[in-house]
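Listed below are the residues making up each chain.
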Amino acid sequence: MSKRKLKESSAESAECISQVQKILRERFCHHCAAGELFGMEQQYRHLLELLKRTTVHGESNSALIIGPRGSGKTALLNHVLKDLREMKQVRENLLEVHLNGNCQFFIKNPFLSGLLQTNDKVALKEITRQLQLENVVGDKVFGSFAENLAFLLEALRKGDRTSSCPILFVLDEFDLFVHHKNQTLLYNLFDISQSAQTPVTVIGLTCRQDILELLEKRVKSRFSHRQIYLMNSFDFKEYIKIFKKQLSLPAEFPDESFAQKWNNNVQHLSEDKTVQDVLQNLFHHTKDLRSLHLLLMLAGSAVTVHHPLLTAADLQEAGRQHSTDSKANIVHGLSVLEICLIIAMKHLNEVYDGEPFNFQMVYNEFQKFIQRKAHSMYNFEKPVVMKAFEHLLQLELVQPLERPLARAQREYLLMKLLLDSSQIMNALQVYPNCPTDVKQWATSSLSWL
Amino acid sequence: MNTRQQSKLIYSWYGKPLSSDRKLRTFQYKGILITSESSKTETCIQLGDFILVEGVNADQPYVAQLVDLYEDGAQHKRAVVQWFCRLEEIPQNKRKLLKREISAQEVFFDQVLGYDTDIAAETIIKSIMVLPLHLGEELPIITLNKEQTFYVRQSWDGKCFKVLSPDTFSKLKEANKKRGVITNSSKAFISSDILTPVKKETENVVRSATKPKNADMEIESKHSTSKSSLAKERHSQRVANNDIKTPTARKKLELNSPTRSKGRLLGYEVLGLLDDGCDAIAPLEPSALKRKVKFTSEILGSPPKIPCSNDKSKSTSETAEHHQRSSDIMRLSPYTKVKDFSEKDKHLPEKDDILSLVGYQKPSRQSPVLTPRSRRTCAQKTSALIAQHISLLKSHGKLAAEEDFLSGSDSSYSSSSEEEEDDDVPCTPENKTKSSRIFSTPKSSRKSAVHTPAKTPKKTGTPRTPRTPRHATPEIPRRVQAAQEPASVLEEARLRLHVSAIPESLPCREEEFQDIYNFVESKLIDGTGGCMYISGVPGTGKTATVHEVIRCLQQAAENEELPPFQFVEINGMKLTDPHQAYVQILEFLTGQKVTATHAAVLLAKLFSTPGPKRKTTVLIVDELDLLWTRKQNVMYNLFDWPTQKHSKLIILAIANTMDLPERIMMNRVASRLGLTRMSFQPYTYKQLQQIVSSRLKGVKAFEEDAVQLVSRKVAALSGDARRCLDICRRATEICEFSLQKRDLEIVRMAHVTEAIDEMFSSPYVSAIRNASLHEQILLKAILAEFRRAGVEEATVQQIYHHYVALCRVEGLQSPTVSEIMAVCSRLSACRLLLVEASNKYLQMRVRLNLSQDDVMYALREE
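Okay, so let's go over this structure. As the structure is a computational prediction, the values presented were derived from the model and not from experiment. (Residues numbered from 1 in each chain as written. Chains lettered and ligands numbered in written order. Predicted model: local features only at pLDDT ≥ 70, side-chain atom pairs only at ≥ 80, totals over all residues. Heavy atoms only, no water.)

Observations concerning the sheet that holds strand β19 (residues 794–795) of chain B
All names here are of chain B. Across the sheet, 3 strands lie side by side as β19-β21-β20; this open sheet has antiparallel pairing. Both outer strands of the open sheet, β19 and β20 (833–835), are each paired with one neighbouring strand and no more. Examined bridge by bridge, β20 and strand β21 (residues 845–848) share 3 bridges and lie antiparallel to one another. Directly across from leucine 833, in β21, lies its bridge partner leucine 848. (Pairing = 2+ DSSP bridges. Helix = DSSP H or I, 4+ residues; strand = E, 2+ residues; numbered from the N terminus.)

Structure, rendered in structure tokens:
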């Protein structure tokens, strides 16, 4: 009886947990879609006004949204666009006169990403496709680059402020468009935005602060110099608030009691000292909300039926994972021989003050160690050592200075170690079953004296 | 042109030369045989036939009526035509004057001045039908040869459409009827031999009738037929020989020759007129004038080949010439009849001629023994007849091959040629008077008022018939709801301050405007070509000024103060490749779409040959520096064309740098660009202030001081007017933003200062201040490493040691290498740091993208 009850409740909670996981996953993985905006009210208003004027008055504009990665540029834009569309609908409900006008009034926004549209040719085709101009066949655009450009420009030139549908161009990764030949696309877009043609608004998203210096002088002159900076300018208190908001369940969560419990737990967590330390550490490293999402994602994945609520330990573990050194992790998986080679390289680095070395030098160093401590180490053949060295090369723990030539002997290729001595020492500390002699050798190359 | 490509065509004369000019070795013929090599078919086209002529656009051959055929001294086959123009050739903005639907087969009787009517005979494609219709009349339903049948209802004189004058109408009709009759009745191939006696007869009549005026007539009639330069020469020599005219008058006639009808129209009184108008007209045909002045030998004007001997025709040349003269006089008659002089004298021969011709050629037909007047009255009847003939023709055509049909109908034209020429007469006085009106000879303008009804402005220089792609029209969907008009003062101001807003005038560029205007205007009037190079930093109003000039010139051309011109604009930035410039220019001019290399060839041909129907082209080349190629052939060609004699091309080249010709152009290109240069200086603060306040005229939105602040700031930085306007616009937004309803809506200093700060402040400092703690520590570590090494570059490994030490000082957990790498890459994404590719890991070199002082300043404040 009690068993069945327990089963029931566990089934119930399993559902809850999967719900929670779903919500959190959506929140953290599709970060820009529904995420709320933090600390950018002014920028939001600026952008909203700008786009509103474009839609309502048909005023052409151009603006750049500049901010470091993860500062919410796309989120801001998405929010503005969402609100703009909603606002139209709101007004449609309020004023019947505008019904047709508003519901059929639409902005088309070619979302161009600099990573996808690698040159103007592709970008143009994409614009034409998204605008559904008449030379689009099905979902494809044919014809040469020149034809397409002429066609698009002709189309845009024909429009005017009062009668044409305004177009919003969103150029994601704006800095990559700058490198297109002659900046043809940018010139044309900005030129249209500065002339009495179809009203267009060009919004560029970029993380580069020096973007204006990259624009060609003619392009720069045509750009309106509106820059919206997103700076992540919140402090730690707000960061904690964001943490709480990101983690807490919404009011419309089906199981209210569970949501209550969950939210209380989150509140509790945010006051926990260890959690605050973890967050503080992350905050000191980066104010990027995406890394917070990543951290919460790592922690959130620990939530199961048997472990329904997040604990401080989860977060701590996630924080630790988040900050581990990747190269040091690789070192943990190396064989003793390989560790020995790395230690030999470390000593060479110390002796020659960071000058490059080759395999032969490393081998000699290793031989010296073997000769001293012959009892503790098996004397490997040179080809075996070579193989181990090549494995390190593959793991990119060492890197050749120049490209290996077919003719050159592998033993004498100059190499550099890509690990810092502190990394090696730290890795050795946690290396399981490390021979004591090797550890001693690692601390000092002169330990045999 | 595509017909051309299919098979090679051989052009040969039909029959013997009708008349010849010994001096110039020209021979006139009645017809031309076009033999197709591949299909072994022969087509005979005779005077008076309607023909298709190769145009610049292969799809749209020109429609014309053959008026004269002759072989010039260099044995080039030439033809003189009366043009018809298609709807496509009429500027878009004029088409609406028509107020009705036009079928594809409808053409307009072309009375536009200035088209060259002298063409190479090789450009004739084939013969067609052109049927005159009354305005209200329905199109006859024609199933056969639809492609080759055109209708003409109205005439087009470059300014307005008019109903065909009864003369023209009846003559067109006559031409068709003859053709129809002959083909119907017998398909007889009427040789010129039969005709000659007739003509001789009429010639005698004419001579006797017009004796008193003969001398002048001779000249004028001669003149009227002369269309080519060669013909002109011939004419001038004749004049010289006869020694009748004063030199001025001779020159006069010479100049007028392209309009073809001057002499015909005016008779004695024209001389007086022309003397008056001489100076005014002179610039119109400078090339002709020059030629006249320079050369006196026989080979003038035409390609300088030695004419071969024409012995066999010499004997007949005298009579032929006489005959030619007389026929010219006959052609004159219908018109002069309208005029008040020599009516009786000329009316008679005209009648005789028609009568006799008709009598000889169409003995079986009952109809057209008509005087011009009666023709006019019974136009309706004849049109019905023509319709019959056409339907008959159709039924014939079904049986016979098309070539047969064509040649048969062509043969019929041997008789109608003279009437065809009559057709031209009514139109030509209008041309004539128009031209004289343009050049403000008061007398002739009065005359024109008599003969031509009120005209709407003539063809302007707008690009002809904007091309529509074959299956797609470039268009952005219309917005459903109309754009809101500005409601408040600030909104109004913002609208006016937008760079795209077109101000009524361009303040502070009056001088430059005048210079460019004068340059283009003078070239337009001279009918020559030329280049001008305009330079200036961005945002100094180069393009705006040039566009304003073009607008004014178009206005002037519309008001007939200037000859009409075509305006083409290309922009180096809007081309994907420099060679696309050819494609775009050609497309603007002709609507053709071809590849770049082909376009270059076509354009070179276009600008190097005296093309028919071509106006002066004004070409604006914006962002010239982008047309640079390694061989510079695009620039070379662009600047070479205007130097050609017949190019009629004026180029305004715009670029940013003043020394562009010296810097990037080869000597031969720079030399062709010439020395006509102009540079736009950056605006001074006073000018900027004036620009802003002129735009804000009547709107009290800005404090005077605020405008001045913006102007001074921008003038100090760049002098870019766009920047100035943008700042002002932003200031209005900020003002609106901070507005609390109760405030007076006016932009103050504070708003402007904020806008300026927003636009010009360096983003780096605030970016650093808002960076995370570790990012700031990394920057500090970098500074420390730089100071230690004395080099502004360090590897991550070097920085790492400082970094760890700094963290220890701050009491932070010492970071791992992965973390410092992450921080590094974040900062480099913002371009606060410049780093190498990250696969070098610890060996990655790092540099600051801003000065150390800036970093220190940004870090110290905290």
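Notes on the pairing of strand β12 (residues 149–156) of chain B
Residue and element names in this part refer to chain B. When you tally the buried positions in β12, you get 8 out of 8 residues, the bulk of the element. As judged from the 5 bridges shared by strand β9 (residues 106–110) and β12, these two strands associate in the parallel manner. When the bridges of β12 are listed, phenylalanine 109 appears paired with serine 155. One ladder, built from 3 bridges, connects β12 with strand β13 (residues 161–163); its direction is antiparallel. Residue glutamine 154 lies in a different strand from β13, and its bridge partner there is valine 163. (Buried < 20%, exposed > 50% of the residue type's maximum accessible area, 1.4 Å probe, protein only.)

Describing empty space enclosed by the protein
Under the defined criterion, the tally for this structure stands at 15 cavities of 30 Å³ or more. Taken as a whole, the largest cavity encloses approximately 180 Å³ of empty space. Around the largest cavity, the lining is made up of 17 residues, and of these A:Pro68, A:Asn232, B:Ala771, B:Glu775 and B:Cys830 lie nearest the centre. (1 Å grid on protein atoms, 1.4 Å probe; cavity = no way out; pocket = protein on both sides within 12 Å on 5 of 7 lines; lining within 4 Å. Points joined across faces, edges and corners; volume = space filled by probe spheres on them.)

Topic: the side chain of A:Thr201
Assignment of secondary structure puts A:Thr201 in strand β6 (residues 200–206). Filtering out sequence-adjacent residues up to four positions away, A:Thr201 remains in contact with A:Leu51, A:Thr54, A:Glu59, A:Ser60, A:Asn61, A:Ile167, A:Leu168 and A:Phe169. (Contact = heavy atoms within 4.5 Å.)

As for helix α22 (residues 436–443) of chain A
Residue and element names in this part refer to chain A. By the burial criterion, the buried members of α22 are Asp437, Val438, Trp441 and Ala442. Relative to the axis of α22, the buried residues are bounded by an arc of 140° and lie together on one face. Turned more than 90 degrees away from the buried face of α22, the exposed residues are Thr436 and Thr443. (Arc of directions from axis to C-beta.)

So, the environment of A:Phe151
By secondary structure assignment, the location of A:Phe151 is in helix α7 (residues 145–158). Along the chain, A:Phe151 and A:Thr128 lie 23 residues apart, while their C-alpha atoms are 9.0 Å from each other.

Details of unusual backbone geometry
Positive phi outside glycine occurs at A:Glu173, with the angle close to 50°. Relative to the assigned elements, A:Glu173 resides in the loop between β5 (167–172) and α8 (174–177). Its identity is not glycine, yet B:Tyr841 carries a phi of approximately 55°, on the positive side. Take B:Tyr841: it is sitting in the loop between β20 and β21.

Some words on the interface of chain B and chain A
Accessible area lost during the coming together of the parts is what is often quoted as the interface size. Contacts between the two partners involve 79 residues from chain B and, on the opposite side, 96 residues from chain A. With both sides pooled, the region where chain B packs onto chain A buries about 7500 Å², and carbon together with sulfur makes up 51% of that total. Counting across the interface, chain B meets chain A through 8 salt bridges. Ionic pairing is found between A:Arg226 and B:Glu733, a salt bridge with its closest N-O pair at 2.6 Å. On the surface where chain B and chain A come into contact, there are 33 residue pairs in polar contact (both at pLDDT 80 or more). Broken down by secondary-structure element, the contributors of at least two residues to the side of chain B that touches chain A are α16 (489–497), α19 (580–590), α26 (721–737), α27 (749–760), α28 (763–769), α29 (773–789), α30 (796–810) and α31 (817–829) of chain B. By residue number, the principal contributor to the side of chain B that touches chain A is α26(B), which donates 7 residues. Across the side of chain B that touches chain A, the residue classes tally to 32 nonpolar, 24 polar and 23 charged. (Buried area = accessible area lost by both parts, 1.4 Å probe. Salt bridge = Lys/Arg side-chain N within 4 Å of Asp/Glu carboxyl O. Polar contact = N/O pair within 3.5 Å; in protein donor to acceptor, adjacent residues only side chain to side chain. Nonpolar A, V, L, I, M, F, W, Y, C, P; charged D, E, K, R; others polar.)

Concerning the pattern of salt bridges
Considering all chains together, one arrives at 38 salt bridges over all chains under this definition. Here A:Arg53 ties to B:Glu733 by a salt bridge, and the two come within 2.4 Å at their closest N and O atoms. With A:Arg53 in helix α3 (residues 41–57) and B:Glu733 in helix α26, this residue pair bridges two chains. One exposure class covers both A:Arg53 and B:Glu733, and it is buried. B:Asp659 is paired through a salt bridge with B:Arg663; the nearest N and O atoms lie 3.3 Å apart. In this structure B:Asp659 comes out as partly exposed when scored by relative accessible area, which is 35%. Three or more residues joined by partner-sharing salt bridges are found here, namely A:Arg53, A:Glu59, A:Arg226, B:Arg494, B:Asp720, B:Arg723, B:Asp726, B:Arg729, B:Arg730, B:Glu733, B:Glu736 and B:Glu758.

Focus on the layout of surface pockets
Roughly 970 Å³ of internal volume is contained in the second largest pocket. Surrounding the second largest pocket, 41 residues form its lining, A:Ser323, A:Thr324, B:Gln813, B:Thr816 and B:Glu819 being those nearest its centre. Of all the elements in the fold, those that place two or more residues in the lining of the second largest pocket are α14 (273–285), α15 (289–300), α16 (312–323), α17 (326–332) and α21 (421–430) of chain A together with α30 and α31 of chain B. Per-element tally for the lining of the second largest pocket: the top contributor is α14(A), with 8 residues. Residues that form the lining of the second largest pocket fall into these classes: 14 nonpolar, 22 polar and 5 charged.

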